Amino acid sequence: MDSQIKGVSTGTTILAVTFNGGVIIGSDSRASIGGYYVSSKTINKLIQVHDRIFCCIAGSLADAQAVTKAAKFQISFHSIQMESPPLVKAAASVLKELCYNNKEELQAGFITAGWDRKKGPQVYTVALGGMLLSQPFTIGGSGSTYIYGYADAKYKPDMSKEECLQFATNALALAMGRDNVSGGVAHLVVITEEGVEHVVIPGDKLPKFHNE
Amino acid sequence: MALSNVLQIPTSGFNFENVAINVALESLLEGGHTKTPKPMKTGTTIAGLVCKEGVVLGADTRATSGEVVADKMCAKIHYISPNIYCCGAGTAADTEKTTDLLSSNLTIFSMNSGRNPRVVMAVNILQDMLFRCTGASLILGGVDCNGNHLYTVGPYGSIDNVPYLAMGSGDLAALGILEDRFKPNMEMEEAKELVRDAIHSGIMSDLDSGNNIDICVITKQGVDYIRPYQESEYKDKRQKRYKYGPGTTSILTEKIVPLDLEVVQETVQRMDTA
């Protein structure tokens, strides 16, 4: 699928997991062209669309950046009109509308995660064609195929922040270890009511699993 | 957002015009019964890096049209604003016009707002213009109130903020040199030498890059556009004069045929000069 994307693509691993009191959103940092050339080792795939709402991108980098630009503007405008921070669902809906209405042309998928006062921590998936789903945790991108088993087996609802960080780090490390178009560093963002915390784990500090 | 924008911002949020243009171009240049010339491409090596005092951009100067070198001293480093310059790789027409448009936009913005443009603003406008455009890949570098910046605008319109960069057909060769010797916060002379070496490597390893090397140094104090920084070591020296003097070709016979033309219709249009 990734080889059909023209231009720079984020063949990628992205994930978002809710825990007790917040949500962790994470990704790798590799951008590739045609599955054979790494055009960036340090691309940012975690885009802040509002104070407590992040989204991570997969697919064509140009399309994803264009969509998040438009979404950032619309969410910001919506928040000013409502005179209150936007709901995570609203942000996810904005992305969904953009993806669905332009589905013939665009090739980008998103995971939106954040915290709002109404429902607390939430995770939404916006797939390629514009499907919107709410889930307690979700994984995406080409590298996600290698960690469905791990994620299903190891996820527990209501984890603590440390447990959740470990879960997300392990999942990313496993996916990056098997998927050739995922790699670089692991970016993690912890979103809670109090604020937003970035964690960056360089490739050599990631947990190792039988790396002979 | 520019206070007075020459570009029209599409109301739907996306501008897919470039997709139609790309399809039309492909069908025009491929099967067509007329042999349309290939668009003038700057098969190119361009590079840039951020150093302690500013940003150094470099480029080769060869423009190719198919297998022929169309321009031996082509300028690939384009002026955007007094503190921002842009190197372009890809279809020469695309890079020229895009950078021209951007430069005009930013000048109008400067006049209206009374502020110098920031590099991040230039990059955002470029991204909007080049969404889905395959013709141009750009390296944008500049110094503004927030520091020294280097951005890449890739094919189809993706952007990335990086400390060093090479693009064009000679990018892999140039990137090898940059990856080996780049260090953060380099001194100016060392940085210029590194960019020169990177472009030189691209020129040596890529057939479509060549001739001279241009360097553009942007600092808070101003811009030093050194064109050329280094002339080609392989400039050929003409052995003879290749001009043909009058009388070189002898005339064997001459025949003059007067053409009888009669005036069929005569119209006079007076110009209104006020």
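Before reading on, note that the structure itself is shown above.
For clarity, every value in this text was computed on a predicted model and none was experimentally measured.

Definitions and limits used
- Residues numbered from 1 in each chain as written.
- Chains lettered and ligands numbered in written order.
- Predicted model: local features only at pLDDT ≥ 70, side-chain atom pairs only at ≥ 80, totals over all residues.
- Heavy atoms only, no water.
- Helix = DSSP H or I, 4+ residues; strand = E, 2+ residues; numbered from the N terminus.
- Buried < 20%, exposed > 50% of the residue type's maximum accessible area, 1.4 Å probe, protein only.
- Contact = heavy atoms within 4.5 Å.
- Areas by Shrake-Rupley, 256 points an atom, 1.4 Å probe, with all protein chains shown as cover.
- Pairing = 2+ DSSP bridges.
- Axes fitted to C-alpha atoms, helices over the stretch in contact; angles between N-to-C directions.
- Parallel < 35°, antiparallel > 145°, perpendicular 65-115°, else oblique.
- Left-handed = near helix turned anticlockwise from the far one by under 90°.
- Nonpolar A, V, L, I, M, F, W, Y, C, P; charged D, E, K, R; others polar.

Draft legend 1. Broad picture of the overall build of chain B. Counting its regular elements, chain B contains five helices and 13 strands. Looking at chain B residue by residue over its 274 residues, the buried ones come to 44%. Of the contacts formed within chain B by residues at least 6 apart in sequence, a portion of 63% connects residues at least 24 apart. Put simply, chain B shows about 16,600 Å² of open surface, and 53% of that area lies on carbon and sulfur atoms.

Draft legend 2. Looking closely at the sheet that holds strand β3 (residues 22-27) of chain A. All names here are of chain A. Overall, antiparallel pairing links the five strands, which are arranged β11-β2-β3-β12-β13 in an open sheet. On the outer flanks of this sheet lie β11 (137-140) and β13 (196-201), each paired with one strand and no other. Between one strand and the next, the sheet's axes are offset by a mean angle of 15 degrees, whatever the strand orientation.

Draft legend 3. Region of the structure containing the packing of helix α4 (residues 171-181) of chain B against helix α5 (residues 188-205) of chain B. All names here are of chain B. Across the interface, α4 lies against α5 with an axial gap of 7 Å and an inter-helix angle of 150 degrees. Here α4 is positioned roughly antiparallel relative to α5, judged by the angle of their axes. Taken as a pair, α4 and α5 cross one another with a handedness that is right-handed. Touching A173, A174, I177, L178 and R181 of α4 are E193, L194, D197, A198, S201, G202 and S205, all from α5. Its residues placed into classes, the contact of α4 with α5 shows six nonpolar, three polar and three charged.

Draft legend 4. Seen up close, the sheet that holds strand β3 (residues 54-60) of chain B. All names here are of chain B. Spatial strand order, β11-β2-β3-β12-β13: five strands in an open sheet with antiparallel pairing. In this open sheet, the two edge strands, each paired with only one partner strand, are β11 (164-167) and β13 (223-230). Strand-to-strand twist of the sheet, defined as the mean angle between neighbouring strand axes without regard to direction, takes the value 10 degrees. Relative to β11, strand β2 (residues 46-50) runs antiparallel, the two being bridged by four bridges. Directly across from L49, in β11, lies its bridge partner Y164. The strands touched by α4 within the sheet are β2 and β11, with β11 carrying the most contacts at an inclination of about 160 degrees. Lying on the sheet, α5 is in contact with β2, β3, β12 (213-219) and β13; it crosses β3 at an angle near 25 degrees.

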